[in-house]
Amino acid sequence: MGEGAVLRNMIESGHISSFILWGPPGVGKTTLAQIIASRLDTPFYTLSAVTSGVKDVREVIEKAKNNRFFSTASPILFIDEIHRFSKSQQDSLLGAVERGVVTLIGATTENPSFEVIRPLLSRCQLYVLKPLEKADLEELLHRALTTDEELKKLDIRLTETAALMRYSGGDARKLLNILQLVVESESSTTIEITDQLVVSRLQQNPLAYDKQGEMHYDVISAFIKSIRGSDPDAALYWMARMIEGGEDPQFIARRLVISASEDIGLANPNALLLANAAFDTVMKIGWPEARIALAEACVYLATSPKSNSAYNGINSALQLVKQTGNLPVPLHLRNAPTSLMKELGYSDGYKYPHDYPGNFAQQQYMPDALVSTRLWHAQHTPVEEKQYQQMLRLWGDRYSS
């Protein structure tokens, strides 16, 4: 919105293209739409995705058609919480947006890549709004205390702001609501706002963690990446964020099991055992004691050596199957439960490994077209190196590269 910025230029030119504002609550998405509505001389329609249906969308589009003149800009349709629109509701917007019947401004707190259909998203610019910084929130507090007609009548001293900042979480609307609640809870006209006062008046969990929203995926991503990156401190921190935010402990336990397989893998096979044991413990004892088992598994995984060779191997195998299709199983590997199958050569020539020294006999196990294909590549961690050396002893040149 600053001088020369893209939204500012569009507003001043009077020509707005369709766009979507994506950001957390209380950062000004609706306010920006209201600014545009007040500055532009064009019909402005507002819908809430929470209360509006396809019928409402079509009615607004019909009104827009009737109010559109050749020399004027397209009427603007602002849809708050657009991510709550179903696919059919979003589909009903497509034609009007594409033909320029309306200019769409959408506001969403959820990732548009997941929540907005691709044809509609491709017709809109996307602007990402970030949580307000501490300096922005402090400026907003100062403005409220010095310009609001009711607050100016009181003697309010802002001694501490840490709790206000923590509880608001970058949300301007929440910050002003907290300020109002604290002020209204005091009987005196002289009020000293301290961290202790704010905490005592709110008595709630200040953490922003929507188990169905964007924050959920951001935090779990940070948790898994901290384990993968061998940082137990960060892994414990992000796990604590999930616990305090009310995350399902089974969800955390499942992610630990996945991480043990994907990121630790053959470098420390015991990691999967411990992660599964933590999962069992969560199921048996629940909160709050289950946090201890989860923490133990979390630290163990983060401090373990890492290997994703098994993860890469199965991905490569799946890709190979998609490329090559249903290649025939070599005859000597096929089962031969009937005499006809035996006559056809099923199982003929198969070497039973336990009949040979070291319980191993060299023979072909891959389809004929893939005889020399390698899918598993060792990553030479101390444990995995032993497995690699065993393959070298058994298969020789096949595993030498």
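Here the structure is a predicted model, which is why all the values come from computation and not from measurement.

J.: Mind laying out the overall build of the chain, listing which residues take part and the relevant values?
T.: Each helix and strand in the chain was counted, giving 18 helices and 7 strands. If one aligns the C-alpha atoms of the chain with their principal axes, the spans along those axes are about 95 × 60 × 40 Å. The long-range fraction of contacts in the chain, counting pairs at least 24 apart against all pairs at least 6 apart in sequence, stands at 71%. For the chain, the computed accessible surface area is about 22900 Å², with 52% contributed by carbon and sulfur atoms. Distance between charge centroids for the chain: 5 Å, based on 40 positive and 46 negative side chains.

J.: Any chance you could break down helix α12 (residues 232–244) for me, citing the residues and the numbers?
T.: Between its first and last C-alpha atoms α12 spans 18 Å; for 13 residues at 1.5 Å apiece the expected length is 18 Å, and the two agree. Taken together, the buried positions of α12 are Ala235, Met239 and Met242. Down the axis of α12, the smallest arc covering the buried residues is 55°, so these residues share one side. With its phi angle positive at about 90°, glycine 246 sits one or two positions after the end of α12.

J.: Before we move on, could you go through the environment of glutamate 81 and cite the residues and values that matter?
T.: With respect to the secondary-structure elements, glutamate 81 resides in the loop between β3 (76–80) and α4 (87–99). Sequence-wise, glutamate 81 and aspartate 233 are 152 residues apart; in three dimensions their C-alpha atoms are separated by 36 Å. Apart from the residues within four sequence positions on either side, glutamate 81 is in contact with Ala49, Val50, Ala107 and Thr109.

J.: Requested: an account of the environment of leucine 126, with residues and values cited.
T.: When you line up the elements, leucine 126 lands in strand β5 (residues 125–128). Judged by relative accessible area, which is 36%, leucine 126 ranks as partly exposed. Considering only alpha carbons, one finds leucine 126 and isoleucine 20, 106 residues apart in sequence, at a separation of 5.0 Å.

J.: How would you explain helix α14 (residues 270–285) if you had to name every residue and give the values?
T.: Here α14 contains 16 residues, and its C-alpha end-to-end distance of 22 Å stays within 8% of the 22 Å for a straight helix at 1.5 Å per residue. Inspection of α14 places Ala271, Ala275, Ala278, Phe279 and Val282 among the buried residues, and these make up the whole buried set. In a view along the axis of α14, the buried residues occupy a sector of 100°, so they form one face of it. Pointing more than 90 degrees away from the buried face of α14 are the exposed residues Leu273 and Lys284. Where α14 is buried, its residues meet α13 (249–264) and α15 (290–303). Trailing α14 by a residue or two, glycine 286 shows a phi angle of about 65°, which is positive.

J.: An account of the packing of helix α9 (residues 172–184) against helix α10 (residues 195–202) is requested, with residue identities and associated values reported.
T.: Between α9 and α10, the shortest axis-to-axis distance is 10 Å and the interhelical angle comes to 90°. For the element pair α9 / α10, the angle class is roughly perpendicular. In this structure, α9 uses Ile178, Leu181 and Val182 to contact α10, whose residues at the interface are Leu197, Val198, Arg201 and Leu202. Class assignment of the residues belonging to the contact of α9 with α10 gives a composition of 6 nonpolar, no polar and 1 charged.

J.: Mind laying out the packing of aromatic side chains, listing which residues take part and the relevant values?
T.: Going through the model one piece at a time under the given rule, you end up with 4 aromatic pairs. For the pair phenylalanine 19 and tyrosine 127, a centre-to-centre distance of 5.5 Å together with 70° between the ring planes defines the contact as edge-to-face. In this pair, phenylalanine 19 sits in strand β1 (residues 19–22) while tyrosine 127 sits in strand β5, placing the two residues 108 residues apart along the sequence. Judged on exposure class, the residue phenylalanine 19 and its partner tyrosine 127 are both buried. Every member of this aromatic cluster is reached through a ring pair, and the members are Phe360, Tyr365 and Trp395.

J.: I'd like to hear about a nonpolar patch on the surface, residue by residue, with values.
T.: Together, Tyr350, Tyr352 and Tyr365 make up an exposed nonpolar region whose accessible area comes to about 310 Å². Structurally, the position occupied by tyrosine 352 is in the loop between α17 (339–343) and α18 (382–395).

Reading guide: rules and limits
Residues numbered from 1 in each chain as written. Predicted model: local features only at pLDDT ≥ 70, side-chain atom pairs only at ≥ 80, totals over all residues. Heavy atoms only, no water. Helix = DSSP H or I, 4+ residues; strand = E, 2+ residues; numbered from the N terminus. Contact = heavy atoms within 4.5 Å. Areas by Shrake-Rupley, 256 points an atom, 1.4 Å probe, with all protein chains shown as cover. Lys, Arg positive; Asp, Glu negative; His and termini not counted. Charge placed at Lys NZ, Arg CZ, Asp CG, Glu CD. Expected span 1.5 Å × (residues − 1). Buried < 20%, exposed > 50% of the residue type's maximum accessible area, 1.4 Å probe, protein only. Arc of directions from axis to C-beta. Axes fitted to C-alpha atoms, helices over the stretch in contact; angles between N-to-C directions. Parallel < 35°, antiparallel > 145°, perpendicular 65-115°, else oblique. Nonpolar A, V, L, I, M, F, W, Y, C, P; charged D, E, K, R; others polar. Phe/Tyr/Trp six-rings, centres within 6.5 Å; stacked < 30°, edge-to-face > 60°. Patch = residues over 30% accessible without salt bridge, like charges linked within 9 Å, V, L, I, M, F, W, Y side chains within 5 Å. Salt bridge = Lys/Arg side-chain N within 4 Å of Asp/Glu carboxyl O.

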